[in-house]
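Summary of structural features
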Amino acid sequence: MLLLIAMLGGLLLMMGQHDRSEALFYYFRLEDQLPENHLLRLIDRPVSFDFVREKLRDSYSDTGRPSIDPELLLRILLIGYLYGVTSERKLVEELRMHLAWRWFTGLGFDQQIPHHSTFSKNRHGRFQESQLFQELFEQIVAQCIRVGLVEGEHLSVDGSFIEANAAKESRIPREQLAEAAQVNRTVRQYLAEVAEQNPVAEPVHEQDKVSTTDPDSTYATQGGTPARLGYYDNYLVDNASCVIVGVEATAARLSQETVAAEHMLTRFAQGHGGEPQSLAADATYGNGEFLHWLAEREITPYMRTRDSVHRKNSPFYGPERFTYQPEANRYRCPAGQPLNYGGRTWGHLGRVYIGTRKRCGACPQKPECTRGAFRYLAIHAHEAARQRARELCATPAFQQAQRQWKKVEALFAELKNQIGLRRLRLRRMNFVRSSFTWRRPCRT
């Protein structure tokens with residue numbers, strides 16, 4: 001018993017106890033408190049924000065009190081997007097206590113933190129008007145290219161639906177917009193932009209109903225889910241490094257994905273100094289117009305064509321079985337009979353070639369060609385580009401490119417699951433565009 005008491009007493013004597021106390025003065029450097037592999041240090045080391053002041057120089061007056069450094073505001077906003085702090089008020093509160101954040105912004109403990117209202121004023125004012133977020137993105141991509149991180153030879157493109165900050169119940173018939181504008185400031189601004197034909201405004205997508213909360217959002221569905229209001233976030237990705245080299249916000253329409261792809265490829269070619277060798281995508285991008293656009297730039301398309309269900313399931317000869325004769329502008333069928341030009345269709349995007357009852361009726365291959373009295377062959381205006389894409393689908397390079405393309409899906413999963421952008425916080429196309437662009441340089 002005495003031995004047990006002695007052992008317990010020894011343990012009590014060996015146990016330390018921390019008394020909370022606050023010293024009057026502390027001496028340490030923020031630089032020493034931040035690990036070498038910390039995310040903010042990894043961003044601060046290669047990325048220069050010096051261009052911010054020069055970019056915004058014309059937005060400030062030459063007289064009056066000095067303003068808050070715009071680079072400081074940009075760095076604080078960047079922290080908010082990096083760590084998912086969506087409230088400027090909350091961001092300022094956290095900045096007071098976070099050592100790494102103070103180090104990244106360059107704010108000492110004796111320096112005043114900007115008021116939270118300052119961020120909203122600049123984000124909706126100077127930063128938005130000067131397209132500063134797009135400039136920041138392009139600066140980072142350019143640095144990635146200079147140091148060799150981005151090869152730029154083989155790219156992938158895709159888009160993902162992001163829900164808008166508006167409920168489907170907010171939609172009203174388009175003819176009621178003028179009445180709603182009397183009490184709704186957002187609708188009033190929207191109608192003013194449409195009336196002025198502002199070149200920076202997104203084209204109006206004619207829908208029967210428009211949201212009074214976010215008129216630019218599109219009512220759409222994806223993957224069999226219920227229809228919602230939202231936008232498309234489009235990415236252009238370098239396959240070798242998985243670095244996002246292009247971002248575009250569009251209306252939630254499949255037709256807008258190829259438009260966004262053309263814009264992103266054009267900007268990338270201007271910054272990279274040349275076109276990529278290939279582009280991988282899904283069948284959404286495999287329309288004749290986009291495939292022809294890629295062919296003109298000698299970009300190899302690794303994507304399946306958008307063929308109709310009728311053509312995919314048809315038991316008859318496909319257009320690839322017919323031979324074009326350009327000197328006579330006609331096609332020759334597998335049996336050697338000519339099909340003469342019969343005009344245009346599909347809004348001048350297709351050409352029709354027709355056989356005759358006499359030739360087709362006596363043809364021994366008619367059961368494999370058509371069930372009608374004669375063969376009716378509809379050819380897309382850019383069928384050559386479409387056929388080239390079909391031929392590439394049978395190559396090993398196509399399979400490799402499609403595996404690389406799946407990296408884009410992983411980036412969208414990161415955007416929604418880790419960054420938390422399943423639903424937008426901002427409204428209207430201009431601010432949605434900034435939100436998409438702003439979140440991506442942080443993660444590359």
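Residues numbered from 1 in each chain as written. Predicted model: local features only at pLDDT ≥ 70, side-chain atom pairs only at ≥ 80, totals over all residues. Heavy atoms only, no water.

Quick look at the overall build of the chain now. For the chain, the helix and strand inventory stands at 20 helices and 13 strands. By the burial criterion, 45% of the 444 residues in the chain qualify as buried. When contacts within the chain are restricted to residue pairs at least 6 apart in sequence, long-range pairs at least 24 apart make up 65% of them. For the chain, the computed accessible surface area is about 24900 Å², with 51% contributed by carbon and sulfur atoms. (Helix = DSSP H or I, 4+ residues; strand = E, 2+ residues; numbered from the N terminus. Buried < 20%, exposed > 50% of the residue type's maximum accessible area, 1.4 Å probe, protein only. Contact = heavy atoms within 4.5 Å. Areas by Shrake-Rupley, 256 points an atom, 1.4 Å probe, with all protein chains shown as cover.)

One simple way to see leftover space: roll a probe sized like a water molecule over the atoms. Tallied over the entire structure, the rule returns three cavities of 30 Å³ or more. Among the elements of the structure, strand 11 (338-345), helix 16 (357-361) and helix 17 (366-369) are those that each provide at least two residues to the lining of the second largest cavity. (1 Å grid on protein atoms, 1.4 Å probe; cavity = no way out; pocket = protein on both sides within 12 Å on 5 of 7 lines; lining within 4 Å. Points joined across faces, edges and corners; volume = space filled by probe spheres on them.)

The next thing to look at is the sheet that holds strand 12 (residues 350-354). Strand order in the open sheet formed by five strands is 9-10-11-12-13, with antiparallel pairing between adjacent strands. One side of each edge strand has no neighbouring strand; the edge strands of this open sheet are strand 9 (323-325) and strand 13 (376-380). Across this sheet, the average inter-strand angle for adjacent strands is 35°, counted without regard to direction. Of the pairings in the sheet, the one linking strand 12 to strand 13 comprises five bridges and is antiparallel in character. Residue pairing for strand 13: Ile354 is matched across the bridge by Tyr376. (Pairing = 2+ DSSP bridges. Axes fitted to C-alpha atoms, helices over the stretch in contact; angles between N-to-C directions.)

Moving on: the nonpolar core. Ranked by internal contacts, the top residues of the largest apolar core, which has 77 residues, are Tyr235, Leu236, Leu279, Phe290 and Phe436. Here this core takes seven residues from helix 19 (residues 396-417), the largest share from any one element. In terms of nonpolar packing, the next biggest core, distinct from the first, is built from nine residues, Tyr317, Tyr331, Cys333 and Tyr353 among them. (Core = buried A, V, L, I, M, F, W, Y, C linked by side-chain atoms within 4.5 Å.)

This next bit is on helix 13 (residues 254-272). The terminal C-alpha atoms of helix 13 lie 27 Å apart, and with 19 residues this matches the ideal 27 Å at 1.5 Å per residue to within 8%. Looking at helix 13, one finds that the buried residues are Gln256, Glu257, Thr258, Ala260, Ala261, Met264, Leu265, Phe268 and Ala269. Downstream of helix 13 by a residue or two, Gly273 has a phi angle that is positive, lying close to 90°. (Expected span 1.5 Å × (residues − 1).)

Residue position: Thr218 is located in strand 4 (residues 218-220). Of the polar contacts made by the side chain of Thr218, one reaches the backbone nitrogen of Ala252; its length is 3.5 Å. Among residues more than four places away in sequence, those in contact with Thr218 are Gln207, Arg228, Leu229, Gly230, Ala251, Ala252 and Arg253. (Polar contact = N/O pair within 3.5 Å; in protein donor to acceptor, adjacent residues only side chain to side chain.)

Our focus in this paragraph is the packing of aromatic side chains. Throughout the structure, instances matching the rule amount to nine aromatic pairs. Taking 4.4 Å as the distance between ring centres and 10° as the angle between the ring planes, the aromatic pair formed by Tyr235 and Phe412 counts as stacked. In this pair, Tyr235 sits in strand 5 (residues 228-238) while Phe412 sits in helix 19, placing the two residues 177 residues apart along the sequence. No difference in accessibility class separates Tyr235 from Phe412, as the two residues are buried. Grouping aromatic residues by their ring pairs yields a cluster made of Tyr324, Tyr331, Tyr341 and Tyr353. (Phe/Tyr/Trp six-rings, centres within 6.5 Å; stacked < 30°, edge-to-face > 60°.)

The phi dihedral of Cys242 is positive, around 65°, even though this residue is not glycine. Looking at the element boundaries, Cys242 is found in the loop between strand 5 and strand 6 (244-251). The partly exposed category is assigned to Cys242, whose relative accessible area is 28%. Phi angles above zero are rare outside glycine, and Asn329 is one such case at about 50°. Residue Asn329 is classed as partly exposed on the basis of its relative accessible area of 26%.

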